[in-house]
Amino acid sequence: MSPQSQFRRELRTSYRPQALADLQAEGLVRRRPSPSAWRRTTRDHYVRRAETAALTPTQRILDNVPLIPPGGAVTGWAAAFVQGVDHLDGLDMWTMRELPVTICCGADLGRRPTPQVTYTRDRLAGDDVCLVEGIRVVRPLRAVFDGARLAETLEDAVVFVDACAQARVVDLGELSRYLAEHPGWKGVRQAARAFELADPAARSPGESRLRVCYLVAARLPRPEVNPPIFDHEERLLGIADLLDEEAGLVTEFDGSLHRERLRHHDDNIREEAFESAGLIVVRADSLDLKGDRGALIRRLRDGHQRGLRRDRRHDRWTLVEPQWWIEQQDPMQALTAHEKADLFDF
(Lines give C-alpha, C1' and ligand atoms only; values in the text may rest on other atoms or scores of the structure.)
Protein backbone atom coordinates (compact mmCIF):
# COMPACT_ATOMS: atom_id res chain seq x y z
CA MET A 1 0.00 0.00 0.00
CA SER A 2 1.23 3.45 -0.91
CA PRO A 3 2.24 5.59 2.07
CA GLN A 4 0.34 8.35 0.30
CA SER A 5 -2.97 6.50 0.21
CA GLN A 6 -5.94 8.45 1.47
CA PHE A 7 -6.23 6.09 4.44
CA ARG A 8 -2.61 6.71 5.46
CA ARG A 9 -3.01 10.46 5.15
CA GLU A 10 -6.23 10.56 7.15
CA LEU A 11 -4.88 8.22 9.80
CA ARG A 12 -2.48 10.93 11.00
CA THR A 13 -5.35 13.12 12.14
CA SER A 14 -7.81 10.42 13.20
CA TYR A 15 -8.66 9.16 16.68
CA ARG A 16 -9.03 5.58 17.83
CA PRO A 17 -12.00 4.84 20.11
CA GLN A 18 -11.20 4.25 23.77
CA ALA A 19 -13.26 2.23 26.21
CA LEU A 20 -14.95 4.25 28.93
CA ALA A 21 -13.27 2.13 31.61
CA ASP A 22 -9.84 2.97 30.15
CA LEU A 23 -10.63 6.67 30.04
CA GLN A 24 -11.67 6.57 33.67
CA ALA A 25 -8.62 4.55 34.68
CA GLU A 26 -6.33 7.06 32.98
CA GLY A 27 -8.09 9.94 34.71
CA LEU A 28 -9.19 11.49 31.43
CA VAL A 29 -12.83 11.49 32.51
CA ARG A 30 -14.59 11.02 35.82
CA ARG A 31 -17.94 9.41 35.21
CA ARG A 32 -19.16 10.21 31.72
CA PRO A 33 -17.20 12.04 29.00
CA SER A 34 -18.22 15.60 28.28
CA PRO A 35 -20.16 15.73 24.97
CA SER A 36 -18.27 18.89 24.06
CA ALA A 37 -14.92 17.08 24.21
CA TRP A 38 -15.80 13.44 23.49
CA ARG A 39 -17.96 11.75 20.86
CA ARG A 40 -19.60 8.39 21.52
CA THR A 41 -18.86 5.93 18.70
CA THR A 42 -20.23 2.63 19.96
CA ARG A 43 -21.43 1.40 23.32
CA ASP A 44 -19.01 2.59 26.02
CA HIS A 45 -16.44 3.75 23.46
CA TYR A 46 -15.48 7.36 22.76
CA VAL A 47 -13.12 9.44 20.65
CA ARG A 48 -11.95 12.99 21.07
CA ARG A 49 -14.03 15.40 19.09
CA ALA A 50 -12.36 16.58 15.91
CA GLU A 51 -12.39 20.23 14.90
CA THR A 52 -14.77 19.44 12.05
CA ALA A 53 -18.11 17.70 12.29
CA ALA A 54 -17.53 15.80 9.03
CA LEU A 55 -16.10 12.33 9.51
CA THR A 56 -13.47 11.05 7.11
CA PRO A 57 -13.75 7.49 5.75
CA THR A 58 -10.82 6.52 7.98
CA GLN A 59 -12.47 7.91 11.11
CA ARG A 60 -15.72 6.12 10.29
CA ILE A 61 -13.81 2.85 9.98
CA LEU A 62 -11.96 3.42 13.26
CA ASP A 63 -15.23 4.26 15.00
CA ASN A 64 -16.50 0.75 14.35
CA VAL A 65 -13.34 -1.22 15.16
CA PRO A 66 -14.61 -2.09 18.69
CA LEU A 67 -17.53 -3.92 17.05
CA ILE A 68 -15.27 -6.46 15.32
CA PRO A 69 -15.78 -9.79 17.13
CA PRO A 70 -12.97 -12.27 17.80
CA GLY A 71 -12.39 -14.07 14.52
CA GLY A 72 -14.18 -11.34 12.56
CA ALA A 73 -12.88 -8.61 10.27
CA VAL A 74 -13.88 -5.52 8.31
CA THR A 75 -14.73 -6.30 4.68
CA GLY A 76 -16.17 -4.56 1.63
CA TRP A 77 -15.30 -0.97 0.77
CA ALA A 78 -13.73 -0.28 4.17
CA ALA A 79 -11.26 -3.17 3.86
CA ALA A 80 -10.32 -2.09 0.35
CA PHE A 81 -9.92 1.54 1.44
CA VAL A 82 -7.64 0.59 4.33
CA GLN A 83 -5.45 -1.28 1.85
CA GLY A 84 -5.06 1.62 -0.53
CA VAL A 85 -8.11 1.79 -2.83
CA ASP A 86 -8.87 5.51 -2.60
CA HIS A 87 -11.86 5.42 -4.97
CA LEU A 88 -13.77 3.17 -2.55
CA ASP A 89 -14.24 5.82 0.11
CA GLY A 90 -17.64 4.74 1.42
CA LEU A 91 -19.65 7.48 -0.30
CA ASP A 92 -22.51 6.89 -2.69
CA MET A 93 -21.52 8.45 -6.03
CA TRP A 94 -24.96 9.91 -6.69
CA THR A 95 -26.05 11.16 -3.26
CA MET A 96 -22.77 11.38 -1.33
CA ARG A 97 -24.57 9.35 1.32
CA GLU A 98 -22.24 7.55 3.73
CA LEU A 99 -22.32 3.80 3.15
CA PRO A 100 -22.16 1.58 6.25
CA VAL A 101 -18.98 -0.22 7.24
CA THR A 102 -19.39 -3.97 6.74
CA ILE A 103 -18.08 -6.40 9.34
CA CYS A 104 -17.82 -10.11 8.61
CA CYS A 105 -18.52 -11.96 11.88
CA GLY A 106 -17.75 -15.46 10.59
CA ALA A 107 -20.92 -16.76 12.27
CA ASP A 108 -24.46 -15.67 13.07
CA LEU A 109 -24.07 -13.56 16.20
CA GLY A 110 -27.58 -12.15 16.03
CA ARG A 111 -26.37 -8.62 15.41
CA ARG A 112 -28.65 -6.13 13.72
CA PRO A 113 -27.43 -3.56 11.19
CA THR A 114 -27.46 0.18 11.84
CA PRO A 115 -26.99 3.11 9.46
CA GLN A 116 -23.30 3.08 10.41
CA VAL A 117 -22.49 -0.63 10.28
CA THR A 118 -23.80 -3.81 8.72
CA TYR A 119 -22.86 -7.44 9.38
CA THR A 120 -22.39 -10.65 7.43
CA ARG A 121 -22.20 -14.12 8.92
CA ASP A 122 -20.25 -15.70 6.06
CA ARG A 123 -17.42 -18.09 6.77
CA LEU A 124 -14.06 -16.43 7.31
CA ALA A 125 -10.89 -18.47 6.91
CA GLY A 126 -7.84 -17.50 8.92
CA ASP A 127 -5.82 -16.73 5.81
CA ASP A 128 -8.55 -14.34 4.65
CA VAL A 129 -7.68 -11.91 7.45
CA CYS A 130 -4.76 -9.57 7.98
CA LEU A 131 -3.89 -6.79 10.41
CA VAL A 132 -3.41 -3.25 9.05
CA GLU A 133 -2.58 -0.53 11.56
CA GLY A 134 -4.13 -2.66 14.27
CA ILE A 135 -7.38 -3.14 12.33
CA ARG A 136 -8.56 -6.64 11.47
CA VAL A 137 -9.51 -6.48 7.79
CA VAL A 138 -10.02 -9.14 5.15
CA ARG A 139 -7.29 -9.45 2.55
CA PRO A 140 -7.84 -7.63 -0.77
CA LEU A 141 -8.98 -10.74 -2.64
CA ARG A 142 -11.73 -11.44 -0.10
CA ALA A 143 -12.66 -7.74 0.03
CA VAL A 144 -13.20 -7.71 -3.75
CA PHE A 145 -15.12 -10.98 -3.59
CA ASP A 146 -17.43 -9.64 -0.88
CA GLY A 147 -17.70 -6.17 -2.40
CA ALA A 148 -18.74 -7.51 -5.80
CA ARG A 149 -21.16 -10.22 -4.67
CA LEU A 150 -22.87 -8.10 -2.02
CA ALA A 151 -23.15 -4.94 -4.16
CA GLU A 152 -26.66 -3.67 -4.76
CA THR A 153 -26.27 -3.75 -8.56
CA LEU A 154 -24.00 -5.26 -11.18
CA GLU A 155 -22.80 -1.75 -11.99
CA ASP A 156 -21.76 -1.20 -8.37
CA ALA A 157 -19.97 -4.55 -8.45
CA VAL A 158 -17.97 -3.59 -11.55
CA VAL A 159 -17.02 -0.27 -9.97
CA PHE A 160 -15.68 -2.19 -6.95
CA VAL A 161 -13.64 -4.67 -9.00
CA ASP A 162 -12.31 -1.98 -11.35
CA ALA A 163 -11.17 0.21 -8.46
CA CYS A 164 -9.27 -2.61 -6.77
CA ALA A 165 -7.71 -3.80 -10.02
CA GLN A 166 -6.68 -0.25 -10.98
CA ALA A 167 -5.10 0.24 -7.53
CA ARG A 168 -3.24 -3.05 -8.11
CA VAL A 169 -4.30 -4.59 -4.82
CA VAL A 170 -5.71 -7.62 -6.67
CA ASP A 171 -4.95 -9.53 -9.84
CA LEU A 172 -7.97 -10.47 -11.96
CA GLY A 173 -6.51 -13.91 -12.59
CA GLU A 174 -6.37 -14.57 -8.85
CA LEU A 175 -9.93 -13.31 -8.51
CA SER A 176 -11.08 -15.75 -11.17
CA ARG A 177 -9.57 -18.65 -9.23
CA TYR A 178 -11.03 -17.38 -5.95
CA LEU A 179 -14.50 -17.26 -7.51
CA ALA A 180 -14.12 -20.83 -8.75
CA GLU A 181 -13.22 -21.93 -5.22
CA HIS A 182 -16.39 -20.43 -3.70
CA PRO A 183 -19.34 -21.76 -5.71
CA GLY A 184 -22.78 -21.40 -4.19
CA TRP A 185 -22.00 -18.32 -2.10
CA LYS A 186 -24.61 -15.56 -2.05
CA GLY A 187 -24.09 -13.21 -4.97
CA VAL A 188 -21.26 -15.20 -6.54
CA ARG A 189 -22.92 -15.11 -9.98
CA GLN A 190 -23.00 -11.32 -9.86
CA ALA A 191 -19.37 -11.29 -8.78
CA ALA A 192 -18.45 -13.57 -11.69
CA ARG A 193 -20.26 -11.31 -14.15
CA ALA A 194 -18.56 -8.24 -12.68
CA PHE A 195 -15.21 -9.99 -13.13
CA GLU A 196 -16.01 -10.55 -16.81
CA LEU A 197 -16.81 -6.86 -17.27
CA ALA A 198 -13.94 -5.51 -15.18
CA ASP A 199 -10.96 -3.68 -16.62
CA PRO A 200 -7.89 -2.61 -14.61
CA ALA A 201 -7.32 0.32 -16.99
CA ALA A 202 -10.43 2.11 -15.71
CA ARG A 203 -9.55 5.35 -13.96
CA SER A 204 -12.70 6.41 -12.11
CA PRO A 205 -16.03 5.03 -10.85
CA GLY A 206 -17.94 7.23 -13.29
CA GLU A 207 -15.92 5.83 -16.17
CA SER A 208 -16.65 2.28 -14.96
CA ARG A 209 -20.38 3.00 -14.80
CA LEU A 210 -20.35 4.43 -18.31
CA ARG A 211 -18.60 1.30 -19.60
CA VAL A 212 -21.21 -0.98 -18.00
CA CYS A 213 -23.95 1.06 -19.66
CA TYR A 214 -22.05 0.90 -22.96
CA LEU A 215 -21.66 -2.90 -22.80
CA VAL A 216 -24.78 -4.13 -20.99
CA ALA A 217 -27.51 -1.60 -21.78
CA ALA A 218 -26.37 -0.36 -25.20
CA ARG A 219 -25.01 -3.81 -26.10
CA LEU A 220 -22.06 -2.43 -28.00
CA PRO A 221 -18.77 -4.30 -28.60
CA ARG A 222 -16.24 -4.21 -25.79
CA PRO A 223 -14.16 -1.03 -26.14
CA GLU A 224 -10.54 -0.41 -25.29
CA VAL A 225 -10.17 1.46 -22.01
CA ASN A 226 -7.96 4.55 -21.80
CA PRO A 227 -5.81 3.89 -24.86
CA PRO A 228 -3.47 6.69 -26.01
CA ILE A 229 -4.36 7.90 -29.51
CA PHE A 230 -1.81 9.52 -31.82
CA ASP A 231 -1.94 11.32 -35.14
CA HIS A 232 0.17 10.33 -38.13
CA GLU A 233 2.85 12.80 -37.06
CA GLU A 234 3.28 10.83 -33.81
CA ARG A 235 1.67 13.52 -31.67
CA LEU A 236 -0.53 12.48 -28.78
CA LEU A 237 -4.13 13.45 -29.50
CA GLY A 238 -5.30 12.34 -26.07
CA ILE A 239 -6.27 9.42 -23.86
CA ALA A 240 -9.76 8.21 -24.74
CA ASP A 241 -11.91 6.94 -21.89
CA LEU A 242 -13.40 4.31 -24.21
CA LEU A 243 -12.50 3.55 -27.81
CA ASP A 244 -14.11 1.24 -30.34
CA GLU A 245 -11.32 0.93 -32.87
CA GLU A 246 -13.52 -0.55 -35.60
CA ALA A 247 -16.10 2.22 -35.35
CA GLY A 248 -13.60 4.94 -34.53
CA LEU A 249 -15.87 5.87 -31.62
CA VAL A 250 -14.47 7.72 -28.63
CA THR A 251 -16.77 7.80 -25.58
CA GLU A 252 -15.86 10.22 -22.80
CA PHE A 253 -17.12 10.52 -19.23
CA ASP A 254 -17.19 14.07 -17.92
CA GLY A 255 -16.94 14.09 -14.14
CA SER A 256 -17.25 17.08 -11.86
CA LEU A 257 -13.72 18.29 -12.64
CA HIS A 258 -14.72 18.81 -16.26
CA ARG A 259 -16.88 21.75 -15.19
CA GLU A 260 -13.80 23.80 -14.37
CA ARG A 261 -13.15 26.45 -16.99
CA LEU A 262 -9.61 25.44 -17.89
CA ARG A 263 -10.54 21.77 -17.91
CA HIS A 264 -13.52 22.46 -20.16
CA HIS A 265 -11.20 24.46 -22.44
CA ASP A 266 -8.78 21.53 -22.70
CA ASP A 267 -11.65 19.09 -23.30
CA ASN A 268 -12.88 21.17 -26.24
CA ILE A 269 -9.43 21.27 -27.82
CA ARG A 270 -8.97 17.54 -27.37
CA GLU A 271 -12.41 16.76 -28.80
CA GLU A 272 -11.66 18.90 -31.86
CA ALA A 273 -8.36 17.07 -32.31
CA PHE A 274 -10.12 13.69 -32.15
CA GLU A 275 -12.78 14.73 -34.65
CA SER A 276 -10.26 16.39 -36.96
CA ALA A 277 -8.40 13.07 -37.07
CA GLY A 278 -11.58 11.27 -38.16
CA LEU A 279 -12.91 9.97 -34.83
CA ILE A 280 -16.52 10.16 -33.65
CA VAL A 281 -16.93 11.53 -30.11
CA VAL A 282 -19.81 10.95 -27.68
CA ARG A 283 -19.68 12.62 -24.26
CA ALA A 284 -21.63 11.63 -21.15
CA ASP A 285 -21.79 12.84 -17.56
CA SER A 286 -23.40 11.84 -14.27
CA LEU A 287 -26.75 13.30 -15.35
CA ASP A 288 -26.85 10.90 -18.30
CA LEU A 289 -26.06 7.94 -16.05
CA LYS A 290 -28.22 8.95 -13.10
CA GLY A 291 -31.37 9.81 -15.04
CA ASP A 292 -33.21 8.10 -17.86
CA ARG A 293 -30.49 6.31 -19.77
CA GLY A 294 -32.61 5.80 -22.86
CA ALA A 295 -31.32 8.95 -24.52
CA LEU A 296 -27.71 8.09 -23.69
CA ILE A 297 -28.11 4.59 -25.09
CA ARG A 298 -29.53 6.01 -28.33
CA ARG A 299 -26.63 8.46 -28.60
CA LEU A 300 -24.09 5.69 -28.03
CA ARG A 301 -25.66 3.45 -30.65
CA ASP A 302 -26.00 6.33 -33.09
CA GLY A 303 -22.35 7.28 -32.59
CA HIS A 304 -21.33 3.68 -33.16
CA GLN A 305 -23.32 3.45 -36.39
CA ARG A 306 -21.96 6.78 -37.64
CA GLY A 307 -18.47 5.51 -36.91
CA LEU A 308 -19.00 2.31 -38.88
CA ARG A 309 -20.29 4.37 -41.84
CA ARG A 310 -17.45 6.91 -41.76
CA ASP A 311 -15.11 7.35 -44.72
CA ARG A 312 -11.98 5.72 -43.34
CA ARG A 313 -9.85 7.36 -45.98
CA HIS A 314 -10.09 10.47 -43.80
CA ASP A 315 -8.76 8.73 -40.69
CA ARG A 316 -5.65 10.48 -39.39
CA TRP A 317 -5.23 8.59 -36.12
CA THR A 318 -3.49 5.49 -34.90
CA LEU A 319 -3.01 3.38 -31.80
CA VAL A 320 0.56 2.53 -32.79
CA GLU A 321 2.70 3.95 -30.00
CA PRO A 322 5.64 6.02 -31.26
CA GLN A 323 9.11 5.33 -29.95
CA TRP A 324 9.18 8.49 -27.80
CA TRP A 325 6.12 7.22 -25.94
CA ILE A 326 7.47 3.72 -25.47
CA GLU A 327 10.79 5.00 -24.16
CA GLN A 328 9.22 7.07 -21.43
CA GLN A 329 9.77 5.61 -18.00
CA ASP A 330 6.44 7.08 -16.94
CA PRO A 331 3.89 7.60 -19.75
CA MET A 332 1.95 9.83 -17.35
CA GLN A 333 4.56 12.52 -17.97
CA ALA A 334 3.10 13.07 -21.42
CA LEU A 335 -0.34 13.94 -20.07
CA THR A 336 -1.50 17.43 -19.26
CA ALA A 337 -2.33 18.25 -15.66
CA HIS A 338 -6.01 18.07 -16.54
CA GLU A 339 -5.68 14.63 -18.13
CA LYS A 340 -3.87 13.37 -15.05
CA ALA A 341 -6.77 14.65 -12.95
CA ASP A 342 -8.97 12.07 -14.74
CA LEU A 343 -7.45 9.49 -12.42
CA PHE A 344 -9.40 11.02 -9.54
CA ASP A 345 -12.41 12.35 -11.42
CA PHE A 346 -15.68 10.82 -10.26
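The rules behind each value
Residues numbered from 1 in each chain as written. Predicted model: local features only at pLDDT ≥ 70, side-chain atom pairs only at ≥ 80, totals over all residues. Heavy atoms only, no water. Pairing = 2+ DSSP bridges. Helix = DSSP H or I, 4+ residues; strand = E, 2+ residues; numbered from the N terminus. Contact = heavy atoms within 4.5 Å. Axes fitted to C-alpha atoms, helices over the stretch in contact; angles between N-to-C directions.

### Focus: the sheet that holds strand S10 (residues 228-231)
Sheet architecture is open: 3 strands sit in the order S11-S10-S15, paired in antiparallel fashion. Single-partner strands in this sheet number two, and they are strand S11 (236-239) and strand S15 (317-318).

### Points about the pairing of strand S7 (residues 129-132)
Of the strand pairs in this sheet, S7 and strand S8 (residues 135-138) are connected by 4 bridges, and their pairing is antiparallel. Within S8, the position partnered with Cys130 by the bridge is Val137. Adjacent in sequence and paired antiparallel, S7 and S8 are bridged by 2 residues, among which Glu133 carries a positive phi angle near 50°.

### Section: the environment of Phe195
Relative to the assigned elements, Phe195 resides in helix H8 (residues 188-197). The sequence separation of Phe195 and Leu179 amounts to 16 residues, and the corresponding C-alpha distance is 9.2 Å. Setting aside chain neighbours within four positions, we find Phe195 in contact with Leu172, Leu175, Ser176 and Leu179.

### Side note on the sheet that holds strand S12 (residues 242-244)
Strand order in the open sheet formed by 4 strands is S9-S12-S13-S14, with mixed pairing between adjacent strands. Lying at the two open borders of the sheet, with one neighbouring strand each, are strand S9 (224-225) and strand S14 (280-285). Sheet topology note: the strand S13 (residues 249-254)/S14 ladder contains 6 bridges and is parallel. Its bridge partner being in S14, Leu249 is matched across the sheet by Ile280. Of the strands in this sheet, S9, S12, S13 and S14 are in contact with helix H9 (residues 205-217), which crosses S13 at around 135°. Sitting on the sheet, helix H12 (residues 294-309) is in contact with S12, S13 and S14, with an inclination near 165° to S14.

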